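Inside the fold
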Amino acid sequence: MADKNKKNRQKKMKLPLAYKPLGFALGWASGALAGLAFRKTWMAIRHEEDAPDALDRDRGWGEILLAAAVQGALFAVARSLADRTGAKAIERSTGVWPVSEKGGRD
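Residues numbered from 1 in each chain as written. Predicted model: local features only at pLDDT ≥ 70, side-chain atom pairs only at ≥ 80, totals over all residues. Heavy atoms only, no water.

Turning to the side chain of Ser-30, a few remarks are in order. Topologically, Ser-30 is positioned in helix H1 (residues 2-46). Owing to a relative accessible area of 10%, Ser-30 belongs among the buried residues under this scheme. One polar contact links the side chain of Ser-30 to the main-chain carbonyl oxygen of Gly-27, over a distance of 3.0 Å. When residues no more than four places from it in sequence are discounted, the contact partners of Ser-30 are Ala-78, Arg-79 and Ala-82. (Helix = DSSP H or I, 4+ residues; strand = E, 2+ residues; numbered from the N terminus. Buried < 20%, exposed > 50% of the residue type's maximum accessible area, 1.4 Å probe, protein only. Polar contact = N/O pair within 3.5 Å; in protein donor to acceptor, adjacent residues only side chain to side chain. Contact = heavy atoms within 4.5 Å.)

Put into structure tokens, the structure is as follows:
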């Protein structure tokens, strides 16, 4: 029994490191999808191809802050979706949650 607990502890210690490449790939993909979703959303909201950024002299505060809020929300949702999906897949395949500490990344 003690030998089995030792193996489980070792497995749990190695898993967060093994999850990093998968987490990186999922994060990259979710960022790309969030960028696409933001462009489509901005087009639907403002009927413009390009969203303003903070250094755009010709745009007002309202437009800039709206664009930042929409973009931030979409990226947060995409990141959470990717993180949770990856963690659940790892747990299903290994039986171990991929993050050793409570509370996750943030």
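This is not the end of the story, as more comes after the structure.
Positive phi, close to 55°, is recorded for His-47, a residue that is not glycine. Among the structural elements, His-47 can be located in the loop between H1 and helix H2 (61-94). Of the residues examined, His-47 reaches a relative accessible area of 66% and is grouped as exposed.

Before going further, it helps to spend a moment on the packing of aromatic side chains. Scanning all chains against the criterion turns up one aromatic pair. On the numbers, 6.2 Å between centres and 35° between planes, the contact of Phe-38 with Trp-42 is tilted. With Phe-38 and Trp-42 both in helix H1 and four residues apart, this pair spans about one turn of that helix. Residue Phe-38 is classed as buried on the basis of its relative accessible area of 8%. On the accessibility criterion, Trp-42 (1% relative accessible area) is buried. (Phe/Tyr/Trp six-rings, centres within 6.5 Å; stacked < 30°, edge-to-face > 60°.)

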